[in-house]
Structure formats: C-alpha cells, structure tokens
Amino acid sequence: HDKIEQTRDFQLLCPHHIPYTQIVENNEQNARPLWDELCTPFVAKIPRSSEGRGVFLIDTLTQWRAYCAQSPVLYVQEQLPIDRDLRLVLIGDCVVAGYWRLQGSDGFHNNIAQGGELDFSPLPQKAIDLVESVARHLGINHGGFDVAMVGNHPYLIEYNRLFGNQGLIEQGLCIDELIYAYLLNH
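Residues numbered from 1 in each chain as written. Predicted model: local features only at pLDDT ≥ 70, side-chain atom pairs only at ≥ 80, totals over all residues. Heavy atoms only, no water.

J.: Tell me about the side chain of Q77, and please be specific about residues and values.
T.: Examined against the element boundaries, Q77 turns out to sit in strand β4 (residues 73–78). Within the structure, Q77 has its side chain in polar contact with the side chain of K45 (distance 3.0 Å). Leaving out residues up to four positions away in the same chain, Q77 has contacts with P19, Y20, T21, F42, V43 and K45. (Helix = DSSP H or I, 4+ residues; strand = E, 2+ residues; numbered from the N terminus. Polar contact = N/O pair within 3.5 Å; in protein donor to acceptor, adjacent residues only side chain to side chain. Contact = heavy atoms within 4.5 Å.)

Below, the structure is given as structure tokens:
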C-alpha cells in the first residue's frame, strides 16, 4: 500500500491520530488553493517513496512548485511540532520492539537513512496501544509503524511492510527469530 491508501485507512479508523492531511489530484485548480490554505511550513509527500526521500518541508512558493512538478498527486500534511518520532515494530498482534528516531542535521527528517539518530529511551504506551489497535483492525501482522508524539498524543505517520532494521540490530534483536516464533505459534 502507498501513503495515500494508508492515510485513507487511518482517516477512517482513527481520524484524531493523523496530522491534518489533504490528498488531491495534481493540477493547477488544486495546487493554488492548497498553497493558499496551508500554513507554512508544511509537509508534502510523494505517495510511493521510502527512507524519507520523497518527503519535503515546504516553506516557499518555489519549493511548492518544485514539489508539484514531481509528484503525481498532491499529498500534504501539517507539520507537527516534533524533533523525533517512533518506529514501532509489530510482529503478530503486538509491538515487539521500537525506538525513537531523532532529527538529523537538516532539522526535518528523522529517517536513519537521512541522517536521523537512534535513541532507545522508553516507548510511550499510548503509541504502542494505537499501533496494536490499528494493526488488528487492518489485519496487519508484520510491519514498522512510524508514530509522532505531540505531547501525550500519538499521530500515525505511516506503516512500512519493508523497513530498516538498524535499530533492531543495535538492540540485539533478530527480527527473523521473532517472525519464526510467531509463525510456529500460529
């Protein structure tokens, strides 16, 4: 699933746990009103991208036009006031591991591939509960969920079927063993 399908699912299941989001056809009739509506800076995404490569912080009309020129769909979100996010790894019906991803030197991306740093501080239970509930409703039994915390409130950013495992390796976890144990029990 791409970011659009995921966001639509999240909007139906837990609308208070996603950032304000607009997804519309990429054309001039939609681009100009979106620019006028959103407060800068805001986040713009290319629906099929990974490792933070298709995620942009838009602060100027020039940046907006550059994004519009390369994305097949206009997918925009409010920028949340965060300097980190969570990667929660779900195997079966529960979160088995997780870690914080601290902002990289660009002051925007938290992805490890974009210079973000790992932090193994305690994980908020509200984020874990949200991920487990959403996964159960969507029938997901494996994935990496990205969650932003604004105060005590979790926001789902996206779900990744394929995800980096550097944070798991640094915690001494072997994802293969966790998957194998789940499969043996189910």
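J.: Residues and numbers for the sheet that holds strand β5 (residues 84–91), please.
T.: Overall, antiparallel pairing links the five strands, which are arranged β7-β6-β5-β8-β9 in an open sheet. Two strands in the sheet have a free side with no partner beyond their single neighbour: β7 (117–119) and β9 (153–160). Put simply, the sheet's adjacent strands are angled 35° from each other on average, direction ignored. By the bridge criterion, six bridges tie β5 to strand β8 (residues 142–150) in an arrangement that is antiparallel. In the strand pairing of β8, L90 is matched with G143. The strands that helix α4 (residues 125–138) touches are β5, β6 (94–102), β8 and β9; relative to β5, the one it contacts most, it runs at about 45°. (Pairing = 2+ DSSP bridges. Axes fitted to C-alpha atoms, helices over the stretch in contact; angles between N-to-C directions.)

J.: Can you lay out the pairing of β8 for me, pointing to particular residues and giving the numbers?
T.: Counting buried positions over the nine residues of β8 gives seven, a clear majority of the element. Across seven bridges, β8 lies against β9 in antiparallel orientation. When the sheet's bridge partners are listed, D146 is paired in β9 with E158. (Buried < 20%, exposed > 50% of the residue type's maximum accessible area, 1.4 Å probe, protein only.)

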